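# Descriptive analysis of the structure
As a plain string of letters, each chain reads:
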Amino acid sequence: MPFSNSSELSPSFILASLPGLEAAQSWMAIPLCSAYVLAVLGNGAVLLVVRAEPSLHAPMYFFLCMLAAIDLALATATVPRILCFYWFGSREISFAACLLQMFLIHTLSAVESTVLLAMAVDRYVAICHPLRHAAILTNGATAKIGLLAVARGVLFFLPLPLLLLPLPFCGSRVLSHSFCLHQDVMNLACANTTPSVVYGLTAILLVMGLDAVLICLSYLLILKAVLRLAAWRERLKVFSTCIAHICVVLAFYVPLIGLSVVHRFGKDLAPLVHIIMGNIYILVPAVLNPIIYGVRTKQIQRRILSLI
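Residues numbered from 1 in each chain as written. Predicted model: local features only at pLDDT ≥ 70, side-chain atom pairs only at ≥ 80, totals over all residues. Heavy atoms only, no water.

### What about the overall build of the protein chain?
Across its full length, the protein chain carries 12 helices and two strands. Shown N-terminal to C-terminal, the secondary structure of the protein chain runs as helices and strands in the order β-α-α-β-α-α-α-α-α-α-α-α-α-α. For the protein chain, whose C-alpha radius of gyration is 21 Å, the value lies close to the compact-globule estimate of 19 Å for 308 residues. At a minimum sequence separation of 6, the contacts of the protein chain that also span at least 24 residues come to 79%. With the model as given, the accessible surface of the protein chain reaches about 15300 Å², and the carbon-plus-sulfur share is 72%. The average position of the 19 basic charges and that of the 11 acidic charges among the side chains of the protein chain differ by 15 Å. (Helix = DSSP H or I, 4+ residues; strand = E, 2+ residues; numbered from the N terminus. Rg over C-alpha atoms; globule rule 2.2 N^0.38 Å. Contact = heavy atoms within 4.5 Å. Areas by Shrake-Rupley, 256 points an atom, 1.4 Å probe, with all protein chains shown as cover. Lys, Arg positive; Asp, Glu negative; His and termini not counted. Charge placed at Lys NZ, Arg CZ, Asp CG, Glu CD.)

### A look at the environment of F63
Structurally, the position occupied by F63 is in helix α2 (residues 59–88). As for F63 and A143, which are separated by 80 residues in sequence, their C-alpha atoms are 9.1 Å apart. Setting aside its immediate chain neighbours within four residues, F63 contacts V115, A118, M119, D122, T142 and I145.

### Side note on the side chain of S109
Note that S109 resides in helix α3 (residues 95–128). Given a relative accessible area of 1%, S109 falls into the buried group. Among the polar contacts listed, one links the side chain of S109 to the backbone oxygen of I105, at a separation of 2.8 Å. Ignoring anything within four residues of it in the chain, the contact list for S109 reads L74, M208, F252 and Y281. (Buried < 20%, exposed > 50% of the residue type's maximum accessible area, 1.4 Å probe, protein only. Polar contact = N/O pair within 3.5 Å; in protein donor to acceptor, adjacent residues only side chain to side chain.)

Structure, rendered in structure tokens:
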């Protein structure tokens, strides 16, 4: 029976609540809200600083601005809705809103993965081919990479909600997170989900999986070039320019892998673990990225201090 033609199959889902802590959810929302405010202020400050500081108008910092904008969009697509649930008890989310939120989360994650790969290539060119860096990574090329990242994310992850659209949901509609993810919603369908499973896994492997492999390859080539330098001080100085990006890559991929492992092997885990891992996946990169680059980049430090 089509989803839209059944009165029994209400087109809505129930967001997961904190098990055993329902009475304290309004208090539990305060740290979540604080992390969201910190993410908005930090990423907003990065965008303002790079725009206002001419010395930062370079590909590496334009990629950082893209990262900040993605983190802002990803956090805003999820956290305000979670806070409405925790503070006002609005657990129900419509089918259309859930599919839109799911599409935004997966697409923005794919765009962020692509931007991280572009930043790794930027570091590789800057270290291994410094004389060609300005010619290869121009401002125009940086803008094209950003547009390509968005197009790649949309093209790969637009089919996910389209594959779920005709499925019936006739059993439990309670999600395991406080927001909508493809695998979570798909598991609630009472129909054959093989096409959705295969495509979802393929999209993740071809985007996040391939990006992770290429990022590792970039750093192997960087490490090979650094080890050719004679002095240890020179090696450390050159490789230190990559520390911030490595930290940002770990802040993105570690929660992503952790959430995937919980979905795949954590069926017997407490529901609270799923909720916490989901919130970490959404907020940790958004909070840590501006802090990492703020600590590692003196120009950003000085500009932020002058703004304060």
